[in-house]
Each structure stands twice: as structure tokens, then as C-alpha cells.
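A look at the structure
If you want the building blocks of each chain, they are given just below.
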Amino acid sequence: MMELQFGAEVEDFRDEVRTWLAEHLVGEFAEHRGVGGPTDGEAWEVRLAWDRELSAGGWLGLGWPREYGGRGLGLLEEIVFEYEYARSGAPYRATGNALDLLGPMLIAMGSEEQKQRFIPRILAVEELWGQGFSEPGAGSDLASVRTRAELDGDEWVLNGQKVWTTFGMQADWLYVLCRTDPDSTRHKGLSMLLVPTDQPGVEIRPIRSLAGQDEFTEVFFTDARTRADLVVGDVGQGWRTAMGTLGIERGATLLPAQLAYEREMDALLELARERGALTDPMHRRSLLDAWMSVRIMRTTNLRTVAELLQGRTPGAQATTAKLYASTNHQRMGHLAMQIEGAAGQIVADGYGLDVRQRSLLISLAETIYGGASEVQRNIIGEKVLGLPRDPKPL
Amino acid sequence: MDFALTDEQEMLRATARQFVADVCPPERAKEWDEQHAVPRELFEGMAELGWFSLPFAEEDGGDGGSPLELILIAEELGRASFDIAMCYIGVLIPGLTTFRWGSEAQRVFIREQVMTGRHRLAVAMSEPDTGSDAAALRTQAEDRGDHYLVNGQKAWCTGGGLPDTTIATYVRTGPREPKHGGISLLLVDPKTEGIEIRRTPTLARHILGTNEVFFKDVVVPKENLVGPQDEAWKVMLSNLELEKVIITGGYLGAAQATLDEMLKYSQDRQAFGRPIGTFQSLAHAMADLQTEIDSARLLAYRAAWLLAQGKPCTREGSMAKLKGSETYVNAARLGMQVCAGQGFSTESVMSFRYRESIVATISGGTSQIQRNGIARSMGLRTY
Ligand SMILES: Cc1cc2nc3c(=O)[nH]c(=O)nc-3n(C[C@H](O)[C@H](O)[C@H](O)COP(=O)(O)OP(=O)(O)OC[C@H]3O[C@@H](n4cnc5c(N)ncnc54)[C@H](O)[C@@H]3O)c2cc1C
Ligand SMILES: Cc1cc2nc3c(=O)[nH]c(=O)nc-3n(C[C@H](O)[C@H](O)[C@H](O)COP(=O)(O)OP(=O)(O)OC[C@H]3O[C@@H](n4cnc5c(N)ncnc54)[C@H](O)[C@@H]3O)c2cc1C
């Protein structure tokens, strides 16, 4: 697996991280090494407790400003921390959505009051957040959002439906993209509202996903209410705010993702060795392809991290990374199943999936969320290659 | 060359399609899968239509149906779900094998019980440590004069846990070497003392269900031996090609239905003001898929034609199974991409299709084993 040196200036910091992890990643937490993912709700309670442990140690929001409870550290420290964190195998943070998406959005675009109000509670793991963007009629084409919000005195009143909201059942708050100008179309007239879920006007229902969990939900707003000042960015500028979140360069999470792929690749080779599949030429070829794809991801990710650390805008490789990784990860999952043979079909009672099964099924979603592969290709075609734009909406 | 179906074949296909629409549309198959249910009406319905006796000769109580006709039925059933197709194929194949090699009494049993749908057969060949290398099986049947004493363990016995089912069990009656010698086929009543059946929880294929079967000092009467003792490898091979070809029919039906469903979804679902099917990236992917499905179908039909002529089709049967199963997996994967969030919800038929498809390239002989067979027919011996 990838071993990195980060230079003398962060050696002390790195030691501090390692020591803390060694001391705290014990007991139940250690038993849940490698568990969870951005859309994987496994062992939720343990992971939440682990997040609180991290919070108490001051390890959440490393790069966030001190005045809101962050540590105000630089990107290099963040990268070092996430790398060591991933190497330790610590569980995937349950509060990932707030830490990776909402928090940075608030810091970049929120009002002073919003930052004071929400950031400390994110860092204290007191409030959990869900993303309410997609709707039954608006997925890749997010600008088709129809959920409406109207001002009634000092409150917004929301009506409409969101769908595929990850961890909606656990969320205390949702950040919701909705139409605040009833006469507007597409990107105009949208706003980003922060909406509390604990109220009669919000109904959240679980949707069972292919990976066998209820982390997926649909959210119904029926005269749901939120305070008039809980708009992130300007009213009517929700599209800009939303694109801001989607565009946040998650430089610090690139290496952990890479380590996860490398672990999976090592496990796949081990499985192949156990099953004697290394002698089958077809399996060997597929294993080689998989291994090469993971090495290419490594090169790509390291290059992007280096560029970010040098303060440069990442090159074209960063734009292609998601498409490449998600597609190859899916292939890897199928290969593992094939190598395992019939035994790969066996689940535990109650549809209990093992790591490999879960990884394969979740990989099916990786080519869909965060910009489906087809949309990624459009972006690469237009932004990187300068090809003519996709036909405009009819 | 003539690609047309006869009027009778067209009628058979229409009947089968209607049967699926009435008895087991995909949404219902999905429910059965989720409830681990095997509905009586399914087997009864197939028996009433005469499908369990179709391939037998007329003088044996059948209709002299050809392999192509069996494919047509399997294709239509596969449109419901591949598991549904296996409810048919899984009984038919051991029935044909037993009838072909069996004693007079066994033939009467097949004719009166199995062809009429009153009773079913399941196959127990694989063991925990022998899958692709099936001939290495170890379950032991000791000759005790008028009976065999069976000890050992089988795995993946699909349908073996259902009521009114006899398990066609491959056992070792002779020495381990040479491994293809010394194997025999016994008809075993799962209610016999010493047999324990445990359902294996799996990702998919919950309608028929698959099982481990444990044998502890199980007494099996000698008259339950099918074909010559120690020569069951030959017995098993005698219908292997037909099995591959009909199974391919099941894959084809499932793949075609998967494509039809995503096609419909892509015509209804709007993004950026147009049906998503009009985006070339999806349209071409679906065009490629239809091409793949048609290639697999032609391979299967050719193999069926060879079988009907009494010609060997080891290579052609393997090609059909390889292409058919791989195509079904590809179809389901594309279906998940096209249906996106919708597909990822277990409410969608597409998620059911995908779950079912994963194992297609493993069960019934893995893709690697098919490739080995094809390569061997080309004079290449892979290691
Ligand atoms: C596991 C998971 C978790 C999710 N979590 C959240 C969440 O927390 N919050 C949230 O708001 N959303 C969430 N989503 C929703 C996700 O953002 C959408 O599924 C995604 O945007 C795709 O939208 P859609 O499902 O409506 O598919 P559609 O947009 O309908 O796409 C259907 C198909 O059409 C293709 N397509 C669409 N437009 C084009 C085009 N221009 N050119 C070519 N092809 C095109 C797509 O690539 C896809 O193959 C989640 C989804 C999944 C699977
Ligand atoms: C849903 C389902 C239903 C089934 N139903 C039945 C049933 O009713 N009755 C029954 O007897 N069995 C049944 N089986 C078992 C099935 O026949 C075996 O799973 C199959 O033969 C593969 O064996 P295996 O799973 O042990 O894989 P293995 O043989 O262990 O193979 C593992 C991997 O190694 C590869 N491999 C193995 N040997 C070679 C080689 N020589 N060259 C190249 N690659 C190789 C395989 O292709 C595969 O990718 C069923 C299986 C499943 C999944």
C-alpha cells in the first residue's frame, strides 16, 4: 500500500495524529475498522460515538476558522491527518455530509450568524445534516427543481418533495435547494434554505436501497417552515450556492479514497491467491487491469494533491478522476464476485452483506451520484477538450 | 438458411408470453423473491400447458418438442426473472436425464409424476469444495448389497428444499482416481432418515432457493440408481449441452426484458427537457446491448439447431452460455445506470434484475469454464 512522506515541517503534527489514533482507536472503535462510507449507514451508532471522540480530541474541522471552533490549520495538515486517519482504518465519519459539504459551504457563503449558529454544533456532533437537492423530476438536471418556498412574514413556507436524501432519517437539518421565485425557470429564482426536520411539515420516509439499508430517504414538505434568514447566499442565488458545494475541492479526501481502493485491491489479490484464480489467464488479465487502474488513480490523486499544495488549480486529470475511479471500482467488484464463485453469493441472515458484496452494490451508485458518468463525460468533453456543448434544453 | 419460426413455434411463444403476463409478471416474481415464496400456480400452470413433457417423444407421453421450442419457453419465462426460468429448466433437465438412463420403474415415475408437474426434481452435484471441478466430488455411496449407504455433503442444490421433490444426487461409488470414473447417480428422497437440508441465504434467486444437503448414513435402495453404476459422468454429460442451451434462453429473456424496461424508462424519463433515451450516450449503449443480445440469441438458436440435427455442439453450446450470461450481466449493469437513483431503490424491478444477474456468469458453469471448453475445441489446452 502507498507510503507517503510529507516533509519535516509536519513531522510533529503527524506524530501527534498517529499517537492520538493509536490511543483512541481501540475497543469497539477498532472493531469497526474500515466500516462505513459516504452512503453506507453500517454501524451508525458506533460511528457517531467515534465522531464524538474525534470531536473531543479536536480533530474535526481542522482547516476551519478558529472563531467557529475549527483549528485553522493549513491544507497540508489536513491532508496529513486524513492520510493517517485512513491508514489507521478508522471508521468512516458519520457526519461526513456536514463536514465535507455543508460546513465548507457555510464557511464560504454563509452569513456570520449562520456560521456562529451552525458550525460549532457540527463540530460538536450535536446536529446532523442531509442534502436535499434531488427530486423525483430533478436529478442530473438539478435546475428542474420544483420544491417551492414562499415568504410568510419572517418565515419561509416550503412545499414539495425531495428524494434519495442520504441519511435523511438521522438528519436534524437539511440544506434544501428550492424555488423561491414562483415565476422563475431553471437556474434562476432558486435559493438554498436550511430547514429543521423536527416539525410537522416535514415527513421523511426510508427507501430501501440495493445495498440493503435504509440510508436512502424521500422527504415531503407540506407547509414546512424555516426562519427567513436561514438562506445561504442571496435569495434567488441558490444555484450559485449549490454549485459552490458541488465544486468544493475536497483535496483532503483524495488520499483516503486512494488508500481504500488500494486496500480493496490487496484484498482482491489475496482472494485470487486463495482461490487459485491466479492460474487462470482471464482472471490474471482482469486482475492486472484492476491493479493498473488503481496505480493510475494513485498517480492522478498524488498529482492533484501536489498541485493543491502548491496553490495551483488542479489540471485536467482532476476532472477525469471521478469517472475513472467509479467505473474501475465497479469492475473490481464484479471481478471479485467472479473470482469468489458461488460462495460470493452467500449472505448472512437478514440479508447481511459482507464487505465485498456491499462494496459491489454500493459501487453501482458511485457512477450515479455526484454527477453520473454520462454527465461527467459531458463535463470532460466541454471543459477539458473544448468540444461543443451538449444540446441545450428543449 | 431460414430464421423464421414455424406457426406452432410462434403460437408457443405467444402462449408463454401470456402465461408470464397472467401468472408471473416481473413485479410478482420480485415479490416472490422477496418473500422466498414458491407459488403452486407457477408449477401447476407450466404442467397444464404440457411444458414438462414437451421434449419427450410422443410414444413416451411427450410432444416431441425441439430444443428451439424449449429455448422459446425459457426466453419468455426469463422475461419474468431468470429464477422463474430455472423453475422450469431445473426440473426438466434431470427429468430428461433420468428418463433416458432410467429403469422402467423410473420412467414410469417420470411419466406419471414429473411430466404431470405433480413432482419435481433437483440436482445435487456441487459440493463445498468442488464446483467447477465437479468430478472431484466426494460424497460417498457404499454398496451394501440391496442398498447404498450415503455419507457426505452437497452444496447449491437449487430447488432441493421444496416439497414433493426428489434430489438427483451424484455420488462416488468407485475410487477417487480417475475422478470421472466411479461416479453414480441416485434418486434420493429428501425425507429419508439421515438427510438434513439447510437453505443457503443468498444475494438473489430466492424463489427456488438453494440448499446445502447433508447425508449421514442415508439408506438409498439400489433401484434408485439411474444408469450404470460408476458411469454417471457420462449420464450427466448426455444432457449438458441441452442444459446450457436452454439456460441461455433464460438469460436471453432476462436480458431482453431488462433492455425493454430500461428503454421504456429512457423514453419516459425527462432530463434537460428531453427524454434521456435521446442522449446519444444512452441511446448507443442500448443499441450496443441489443446487438449483444441478438448475437447471443443467434448463438443459442444455432446450438439448438445443431442439437436438433443430432450434431455435436459442445463448442457452440459453450459459446451460447458464455455470451448469454455475460450479456445478461451487462444488461443489468446498464439498466442500473439508465434508471440511476430509481434503479438503486429496491422498489424498482431493475434492482431485482441486477441482483439476479450477478451470479449468471458463475452458476451453470462459469465463464472461465466455458472459455476453457471453447479453447479446447480450438486445439488449445489452457492450464
Ligand atoms: C446512493 C445515492 C445517494 C444519494 N444521495 C443524495 C443526497 O443525499 N441528496 C441528494 O440530493 N441526492 C442524492 N442522490 C441523488 C443523485 O444525486 C442522483 O441520483 C443523480 O443526480 C442522478 O439523478 P437521477 O437519479 O434522477 O437520474 P437521471 O438524471 O434521471 O439520469 C438517468 C440517466 O440519464 C443520464 N443522463 C442524464 N442527463 C444526461 C445528459 N445530459 N447526457 C447524457 N446522459 C444523461 C444519466 O447519466 C443516467 O444514466 C443520491 C443518489 C444515490 C444513488
Ligand atoms: C445460484 C446457484 C445455483 C446453483 N445450483 C446448483 C444446483 O442446482 N446443483 C449443483 O450441483 N450445483 C449448483 N450450483 C453450483 C455451480 O454449479 C457452481 O457454483 C459452479 O460450478 C462454480 O463452482 P464454484 O462456485 O465452486 O467456483 P470455483 O470452481 O471455486 O471457481 C472460482 C473461480 O475460479 C475459476 N476457475 C475454476 N476452475 C478454473 C479453471 N480450470 N480455469 C479457469 N478458471 C477456473 C472459476 O471460473 C471462478 O471464477 C449453483 C450455483 C449457484 C451460484
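Residues numbered from 1 in each chain as written. Chains lettered and ligands numbered in written order. Predicted model: local features only at pLDDT ≥ 70, side-chain atom pairs only at ≥ 80, totals over all residues. Heavy atoms only, no water.

This part covers the site of ligand 1. Near ligand 1 you find 27 residues, and of these Ser-140, Thr-166 and Glu-374 of chain A together with Arg-269 and Gln-337 of chain B are the closest. Around ligand 1, the nearby residues trace back to chains A and B. A distance of 2.8 Å is found between a nitrogen atom of ligand 1 and a backbone nitrogen or oxygen belonging to Gln-131 of chain A. Between ligand 1 and the protein, one listed contact pairs a nitrogen atom with a backbone N or O atom of Trp-164 of chain A at 2.9 Å. Contact with the protein chains hides 94% of the accessible area of ligand 1, taken as 970 Å² for the molecule alone. Those elements that provide at least two residues to the shell around ligand 1 are α12 (373-384) of chain A together with α9 (280-308) and α10 (314-344) of chain B. Ranked by residues supplied to the shell around ligand 1, first place goes to α10 of chain B with four residues. (Near = heavy atom within 4 Å. Polar contact = N/O pair within 3.5 Å; in protein donor to acceptor, adjacent residues only side chain to side chain. Areas by Shrake-Rupley, 256 points an atom, 1.4 Å probe, with all protein chains shown as cover. Helix = DSSP H or I, 4+ residues; strand = E, 2+ residues; numbered from the N terminus.)

In this section: helix α6 (residues 112-123) of chain A. Over its 12 residues, α6 of chain A extends 17 Å from the first C-alpha to the last, a length consistent with the 16 Å expected when each residue adds 1.5 Å. With its phi angle positive at about 55°, Val-125 of chain A sits one or two positions after the end of α6 of chain A. (Expected span 1.5 Å × (residues − 1).)

Residues and elements named next belong to chain A. Taken as a whole, chain A is organised into domain 1 (8-94), domain 2 (129-236) and domain 3 (253-384). Between domain 1 and domain 3, the C-alpha centre-to-centre distance is 23 Å. Contacts between the two partners involve 13 residues from domain 1 and, on the opposite side, 10 residues from domain 3. Of the roughly 1000 Å² buried between domain 1 and domain 3 on both sides combined, carbon and sulfur atoms contribute 73%. Among the residues domain 1 hides against domain 3, the three largest losses belong to Thr-39, Ile-79 and Ala-86. Together they make up 37% of the total. Where domain 1 meets domain 3, there are two salt bridges. One salt bridge connects Glu-42 with Arg-358, and the closest N-O pair in it is separated by 3.3 Å. On the surface where domain 1 and domain 3 come into contact, there are four residue pairs in polar contact (both at pLDDT 80 or more). (Domains from an automatic or database assignment. Contact = heavy atoms within 4.5 Å. Buried area = accessible area lost by both parts, 1.4 Å probe. Salt bridge = Lys/Arg side-chain N within 4 Å of Asp/Glu carboxyl O.)

Ring pairs (aromatic) are described by centroid distance and by the angle formed between their planes. Within the structure shown, the criterion is met by 23 aromatic pairs over all chains. Seen in terms of ring centroids, Phe-118 of chain A and Trp-173 of chain A are 4.9 Å apart; in terms of plane orientation they differ by 80°. Their pairing is edge-to-face. Pair noted here: Phe-118 of chain A is in helix α6 and Trp-173 of chain A is in strand β4 (residues 173-179), with a separation of 55 residues, a long-range link. Here Phe-118 of chain A and Trp-173 of chain A have matching classes, each one buried. Here the aromatic rings of Phe-19 of chain B and Trp-51 of chain B are separated by 5.3 Å at their centres, their planes lie at 70°, and the arrangement is edge-to-face. Taken together, the residues span a long stretch of sequence, with Phe-19 of chain B in helix α1 (residues 7-23) and Trp-51 of chain B in the loop between α3 (40-48) and α4 (67-80) at a distance of 32 residues. Comparing Phe-19 of chain B with Trp-51 of chain B, the two get one shared label, buried. Taken together, the ring pairs in this structure connect Phe-13, Trp-20, Phe-29, Trp-50, Trp-59, Phe-81 and Tyr-85 of chain A into an aromatic cluster. (Phe/Tyr/Trp six-rings, centres within 6.5 Å; stacked < 30°, edge-to-face > 60°. Buried < 20%, exposed > 50% of the residue type's maximum accessible area, 1.4 Å probe, protein only.)

Looking at ligand 2, there are 22 residues lining it, with Gln-338 of chain A together with Ser-132, Trp-156, Thr-158 and Thr-366 of chain B nearest. Nearby residues place ligand 2 at the junction of chains A and B. Contacts to ligand 2 include Trp-156 of chain B, whose backbone N or O atom sits 3.0 Å from a nitrogen atom. Residue Thr-158 of chain B places a side-chain N or O atom 2.6 Å away from a nitrogen atom belonging to ligand 2.

Turning next to the pattern of salt bridges. All names here are of chain A. By the definition in use, this model includes 43 salt bridges over all chains. Arg-389 is the partner of Glu-382 in a salt bridge, and the nearest nitrogen-oxygen pair spans 3.5 Å. Overall, Glu-382 belongs to the partly exposed group, its relative accessible area being 22%. Since its relative accessible area comes to 60%, Arg-389 is described here as exposed. Here the salt bridges share partners, and the residues they tie into one network are Glu-3, Arg-14, Arg-18, Glu-84 and Arg-87.

The next subject is the environment of Thr-166 of chain A. All names here are of chain A. Within the fold, Thr-166 resides in the loop between β3 (155-163) and β4. With a relative accessible area of 17%, Thr-166 lands in the buried category. Put simply, Thr-166 and Ser-326 are 160 residues apart on the chain and 19 Å apart in space, counted from C-alpha to C-alpha. Ignoring sequence-local partners within four residues, the contact set of Thr-166 consists of Pro-38, Thr-39, Gly-130 and Glu-215.

A word on the side chain of Gln-317 of chain A. Checked against the element boundaries, Gln-317 of chain A lands in helix α10 (residues 316-340). Ignoring any residue separated from it by four or fewer positions in sequence, one finds Gln-317 of chain A in contact with Thr-300, Arg-303, Thr-304 and Glu-307 of chain A.

Moving on to the domain arrangement of chain B. Residues and elements named next belong to chain B. Here the domain parsing of chain B yields domain 1 (7-120), domain 2 (122-232) and domain 3 (236-377). The gap between the C-alpha centroids of domain 1 and domain 3 is 21 Å. Across the boundary between the two partners, domain 1 contributes 28 residues, which contact 32 residues of domain 3. Counting the surface lost from both domain 1 and domain 3, the interface buries some 2400 Å², and carbon and sulfur atoms represent 67% of this. The three residues of domain 1 that bury the most area against domain 3 are Lys-30, Arg-79 and Phe-82, which together make up 26% of that side's buried surface. Applying the counting rule to domain 1 against domain 3 returns three salt bridges. As a salt-bridge pair, Asp-33 and Arg-355 come within 3.0 Å of each other at their nearest N and O atoms. At the surface where domain 1 touches domain 3, the tally comes to 13 residue pairs in polar contact (both at pLDDT 80 or more). Every element with two or more residues in the side of domain 1 that touches domain 3 is listed here: α2 (26-35), α4 and α5 (82-101). When residues in the side of domain 1 that touches domain 3 are grouped by element, the largest group, 11 residues, is from α5. Looking at side-chain class alone, the side of domain 1 that touches domain 3 contains 17 nonpolar, three polar and eight charged residues. (Nonpolar A, V, L, I, M, F, W, Y, C, P; charged D, E, K, R; others polar.)

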